[in-house]
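Single-letter residue listing:
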Amino acid sequence: MTPEVELRPVRDDDLPVFFAHEQDPQANWMAAFGPKDPSDRAAFDAHWARIRADGRIVNRTIVAGGEVVGHVAAFPVDEQTEVSYWIDPARWGRGYATAGLTALLRELPQRPVRARAAKDNAASLAVLRKCGFVVVGADSGYAPGRGAEVQEWVLELPAEGADQGNH
């Protein structure tokens, strides 16, 4: 069962909660492509100030039962729109990522939308597939969360009616 979540714009008082979520070593390993140094609060604050000031980026706080459980975003990468999310590791496996991403996708008129996930991040890949994303390619890059080059899947939520193929 998908939990009830609410999306709202990110507020200043959400940032300490997001920062705390990023302190979990397992979460950083799973995300792979997260911050270079999750414990660097100045870098975290600078990152959030930059992305909150960019009108092209849609950032939302995911709230469930009155508590902040994570955040979800849509942002431009070249000519594409990509999405990402981060859920409090203490709340993994409860459907919050799927519910938050589903709610964000309802806000986004543009299609296709892309996402990326480390090839071994089965939980994130499951979230993306539940939301209708299909694998359209592969890539690799240096992942600060692992200190190594990591293989990743590139996924896409196709335009309505587009042939989704079998990937």
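These lines cover the structure that appears in this document, whether it is placed above or below.

Observations regarding the environment of D45
One can find D45 in helix 3 (residues 41–53). Using a relative accessible area of 34% as the deciding quantity, one classes D45 as partly exposed. Spatially, the C-alpha atom of D45 lies 22 Å from that of E82, the residues being 37 residues apart in sequence.

Things to note about helix 3
Its 13 residues give helix 3 an end-to-end C-alpha distance of 18 Å, which sits within 8% of 18 Å, the value for a rise of 1.5 Å per residue. Those residues of helix 3 lying buried are F44, W48 and I51. The arc enclosing the buried residues of helix 3, seen along the axis, measures out at 70°, which places them on a common side. Residues A42, R50 and A53 are exposed on helix 3 and point more than 90 degrees away from its buried face. Buried residues along helix 3 sit against helix 1 (15–21), strand 2 (58–64) and strand 3 (67–77).

Some details on the nonpolar core
In terms of nonpolar packing, the biggest core is built from 27 residues, with V83, L101, L105, L128 and F133 touching the most fellow members. Going through the elements one at a time, strand 2, strand 3, strand 4 (80–87), helix 4 (96–107), strand 5 (113–118), helix 5 (122–130) and strand 7 (148–157) are the ones with two or more residues in this core. In terms of residue count, the dominant contributor to this core is helix 4 (6 residues). Among residues more than four places away in sequence, those in contact with L128 are Y85, L101, A115, A117, F133 and L155.

A look at the pattern of salt bridges
Evaluated as defined, the whole model comprises 13 salt bridges. A salt bridge links R52 to D12; its shortest N-O distance comes to 2.8 Å. One end of the pair, R52, is in helix 3; the other, D12, is in the loop between strand 1 (6–9) and helix 1, with 40 residues separating them in the sequence. By relative accessible area, which is 34% here, R52 ends up partly exposed. Residue R56 is joined to D54 by a salt bridge in which the shortest nitrogen-to-oxygen separation is 2.8 Å. Within the structure, one salt-bridge network assembled from shared partners comprises E82, R116, D139 and E152.

What counts and how
Along each chain, residue indices are assigned from 1 in the same order as the chain's sequence is written. Local features in a predicted model are, by the rule used here, given only for residues with pLDDT of at least 70; side-chain atom pairs are given and counted only at 80 or more, and totals for whole chains, interfaces and linings are based on all residues. Only hydrogens and water are set aside; all other atoms, that is, all heavy atoms of the structure, feed into the side-chain values. To qualify as a helix, a DSSP run of H or I must reach at least 4 residues; to qualify as a strand, a run of E must reach at least 2; elements of each kind are numbered from the N terminus. Exposure is judged per residue with a 1.4 Å probe applied to protein chains only, and the accessible area is read against the type maximum: over 50% gives exposed, under 20% gives buried, and values in between give partly exposed. What a helix should span is 1.5 Å times the count of its residues minus one. Throughout, the arc means the angular range of directions from the helix axis out to the C-beta atoms. Only heavy atoms matter for contacts: two residues are in contact if any of them lie within 4.5 Å across the pair. Nonpolar cores were defined as sets of buried Ala, Val, Leu, Ile, Met, Phe, Trp, Tyr and Cys residues, with membership established by side-chain atoms within 4.5 Å. Each reported salt bridge corresponds to a side-chain nitrogen of Lys or Arg within 4 Å of a carboxyl oxygen of Asp or Glu.

So yeah, pure geometry; function would need other evidence.
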